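Structural overview
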Amino acid sequence: MSRVVTTYHQRVAQEKRALIVAAATALFLELGYDRTSLARIAERSGVSRATLFKQFPTKAALFDAIVTESWSTADEGEPPPAGNVVDGLGAIGRRYAELLSRPQMTDLFRIVIAELPRFPELAHAQFSHGKMPYFESVRGYLLAEHEAGTVRIEDVDVAATQFLGMISNYVFWPKLLVPGWEVSAVRIAQVVDEAVKTIAARYGATGASGE
């Protein structure tokens, strides 16, 4: 019985956390980071102030949670195993495109850009807790492929930037800047496939590019 009760409380806590993060994101966009108080967030999310302060004692901690939620993936864990760079990059590319297509990712960047002059720490949080860990996972995968001999890459930082940039430049940045910009699932799949082929053609070892 105690395990059932514990599971129930954990589920309720997770649901309240999601409500708080969603309310904070909406208010940061509407009012700005500075003008949004934790009390207002508690009111918007429908939770008590005690509940909010227990999970997020400061606005900085809450913003860190928004970053973490925005960059989290359903299949979090280790990068694909090395051995087939086409399959591995395909999985990473599809995951990255799905991340960039989420409304909360666009919201995160809009908050950071709007508040950058007054709160540069938000940009640092977004970079250190979100973008950089994700970049490092892709960099680590390419390094593993290099060590396995499936690719020959002298600078994995550049290669990872090239791969992610080919996807984000089509899927994400126009969406951030142009109202109503949408990319179909078919088109996203094509963009990812072309990015994979480009990296495999540029860096693939002879006979080891996965084709």
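First, a word on scope: everything that follows refers to the structure included in this document.

The rules we used
Residue numbers run consecutively from 1 along every chain, following the written order of its sequence. For this predicted model, a pLDDT threshold of at least 70 governs which residues receive local features, and a threshold of 80 or more governs which side-chain atom pairs are given and counted, while totals over whole chains, interfaces and linings are taken from all residues. With hydrogens and water stripped out, all remaining heavy atoms of the structure feed into the side-chain values. Residues are said to line a cavity or pocket when one of their atoms sits within 4 Å of a point; the points come from a 1 Å grid over protein atoms alone, cavities being sets where a 1.4 Å probe fits but cannot get out and pockets being open sets with protein on both sides within 12 Å along at least five of seven lines. Grid points are joined across faces, edges and corners, and a volume is the space filled by probe spheres set on the points. Lys, Arg, Asp and Glu make up the charged group, whereas Ala, Val, Leu, Ile, Met, Phe, Trp, Tyr, Cys and Pro make up the nonpolar group; the residues left over, Gly among them, are polar. Residues grouped as a nonpolar core are buried Ala, Val, Leu, Ile, Met, Phe, Trp, Tyr and Cys residues, joined through side-chain atoms within 4.5 Å. Per-residue accessibility, obtained with a 1.4 Å probe over protein chains only, is compared with the maximum for each type, and a residue is labelled buried under 20%, exposed over 50%, and partly exposed between these values. Only DSSP runs of H or I reaching four residues or more are called helices, and only runs of E reaching two or more are called strands; each is numbered from the N terminus. Helix span is expected to be 1.5 Å times the residue number reduced by one. The term bend refers to the angle at a residue between two fitted axes, each drawn through seven residues, those ending there and those starting there. Contact between two residues is taken to exist if any of their heavy atoms lie within 4.5 Å; hydrogens are not considered. Counted as a polar contact is a pair of N or O atoms within 3.5 Å, where, for protein atoms, one must be capable of donating a hydrogen and the other of accepting one, and residues adjacent in sequence contribute only when both atoms are in side chains.

**Regarding the layout of surface pockets**
Estimated volume of the second largest pocket: approximately 180 Å³. Together, 15 residues line the second largest pocket, and Tyr96, Lys131, Phe135, Leu164 and Ser168 are the ones closest to its centre. A class-by-class count of the residues in the lining of the second largest pocket yields 11 nonpolar, 3 polar and 1 charged.

**Concerning the nonpolar core**
With 58 residues, the main nonpolar core has Ile41, Phe63, Trp71, Leu142 and Phe163 as its most contacted residues. The set of elements that each furnish at least two residues to this core consists of helix 1 (2-31), helix 2 (38-45), helix 4 (59-71), helix 5 (85-100), helix 6 (103-115), helix 7 (120-148), helix 8 (156-171) and helix 10 (185-203).

**Focus on helix 8**
Between the first and last C-alpha of helix 8 there are 23 Å, a value that for 16 residues agrees with the 22 Å anticipated at 1.5 Å per step. Along its length, helix 8 shows its largest kink, about 25 degrees, at glycine 165. Within helix 8 the residues assigned to the buried category are Val156, Ala159, Ala160, Phe163, Leu164, Gly165, Ile167, Ser168 and Val171. Contact partners of the buried residues in helix 8: helix 5, helix 7, helix 9 (173-177) and helix 10. The backbone nitrogen of aspartate 157 lies 3.1 Å from a side-chain oxygen of the residue at the head of helix 8, namely aspartate 155.

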